[in-house]
Every structure is written in structure tokens, then in C-alpha cells.
Amino acid sequence: MASSDQATGAAASKLIDQRIVDLGDWRGETLARMRALILEADPEMTEEWKWMGTPVWSHHGIVCTGESYKKAVKLTFIKGASVPDPSGLFNSSLEGNTRRAIDIHEGEKVDARAFKALVKAAVALNGPAKKKR
């Protein structure tokens, strides 16, 4: 088993599964739904577990993280300031030059089609894998 502060692939997926179960309320349901949309948007996405318990989704670099707080589930897109957001999903971390986030509060739903488009745009921004020399 991977250490509890760093994991990739199947080990990370198990840790994320456990986080969803441990949350045990609307936050777990929300994180599970958003995770499913991320994986639908990009089946080649890699799940990771970093920074002492943060779910991370990567494809040629980090796409987004999924943090859970008392009153919100936050999806932070690392390069979000450069990702087109025609549906206006980003509602947090709007002042920075790099990241953008979506805070989801209890009872709120995120437009699945718009969210998957955001994920695909973020993956495209990361570009193809860099070739090793």
C-alpha cells in the first residue's frame, strides 16, 4: 500500500474511495459525482493522492484537485485562469493569475456538460507528454 501522503493509480483511487466514504454526507456524494465526471471527460486521467490527503487528477500534468471543507467541496484547476469557462463555473480563486476553482455547497449542482468541457480544456492546455531525451 502506498504511504498515506502520496500515491498514484490504483492505490490513489482506493484512498479517494475511502475519503468519499469517510465524508459520509453530501460532500462525499458531491466529490464522487465530480470525480465520475472528471473520469468520463478524460478516461486517460490518472488519479493521485498528494499533500497529506488531497485527491488530484492528472493528464500530462495536474488538471485539478478535489478538496473537501466543512461547507464546500472545492475543485481547483491548476491552470484555470487560462481555461475557457463560457458557462461561468469558476466561482472561487478568481483573483489569481494561475488557478481557478469551483466551490460547490450543499444542495448545489454543477452542469455536467459544462464541467466536462472545462476538464477537457484543462487537459488540452497541459498538452502532450514531454518526450524524454
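Residues numbered from 1 in each chain as written. Predicted model: local features only at pLDDT ≥ 70, side-chain atom pairs only at ≥ 80, totals over all residues. Heavy atoms only, no water.

As recorded by an unreviewed UniProt entry, the protein carries the name DUF1801 domain-containing protein and is attributed to Corallococcus macrosporus.

Please explain the pattern of salt bridges as it appears in this structure.
Between side chains of opposite charge, a pair can form as their charged atoms come close. One pass over the full model with this rule turns up six salt bridges. One salt bridge in this structure joins aspartate 25 and arginine 27, with 3.2 Å as the shortest N-O distance. Judged by its relative accessible area of 28%, aspartate 25 falls in the partly exposed class. A residue is classified by how much of its surface remains accessible, and arginine 27, at 16% relative accessible area, is buried. One salt bridge in this structure joins lysine 116 and glutamate 40, with 2.9 Å as the shortest N-O distance. Of this pair, lysine 116 sits in helix H3 (residues 112-126) while glutamate 40 sits in helix H2 (residues 26-41), and the two are 76 residues apart along the sequence. Taking the relative accessible area as the measure of exposure, lysine 116 reaches 23% and is therefore partly exposed. Of the residues examined, glutamate 40 reaches a relative accessible area of 47% and is grouped as partly exposed. Residues participating in the shared-partner salt-bridge network are Asp17, Arg35 and Glu47. (Salt bridge = Lys/Arg side-chain N within 4 Å of Asp/Glu carboxyl O. Buried < 20%, exposed > 50% of the residue type's maximum accessible area, 1.4 Å probe, protein only. Helix = DSSP H or I, 4+ residues; strand = E, 2+ residues; numbered from the N terminus.)

Help me understand the environment of leucine 125 in this model?
Looking at the secondary structure, you find leucine 125 in helix H3. Between the alpha carbons of leucine 125 and leucine 75 there is a distance of 17 Å; along the sequence they are 50 residues apart. Sequence-distant contacts of leucine 125, that is, excluding residues within four places in its chain, are made with Lys79, Ser82 and Val83. (Contact = heavy atoms within 4.5 Å.)

Quick question: what am I supposed to make of the nonpolar core here?
Side chains that are nonpolar tend, in soluble globular proteins, to be buried together. Counting residues in hydrophobic clusters, the biggest one holds 33 residues, and the most contacted among them are Ile38, Trp57, Leu75, Phe77, Ile102, Phe115 and Val119. Contributing elements (two or more residues each) for this core: helix H1 (10-23), H2, strand E4 (62-68), strand E5 (73-77), strand E6 (100-104) and H3. (Core = buried A, V, L, I, M, F, W, Y, C linked by side-chain atoms within 4.5 Å.)

What exactly am I supposed to notice about H1 here?
Owing to its 3.6 residues per turn, the α-helix brings residues three or four apart onto one side. Between its first and last C-alpha, H1 extends 20 Å over 14 residues, near the 20 Å set by a 1.5 Å rise per residue. Listed as buried for H1 are Ala11, Ala12, Ser13, Leu15, Ile16, Ile20 and Leu23. On its buried face, H1 is in contact with strand E1 (7-8), H2, strand E2 (46-50), strand E3 (54-58) and E4. Just beyond H1, the residue with positive phi is glycine 24, at close to 60°. (Expected span 1.5 Å × (residues − 1).)

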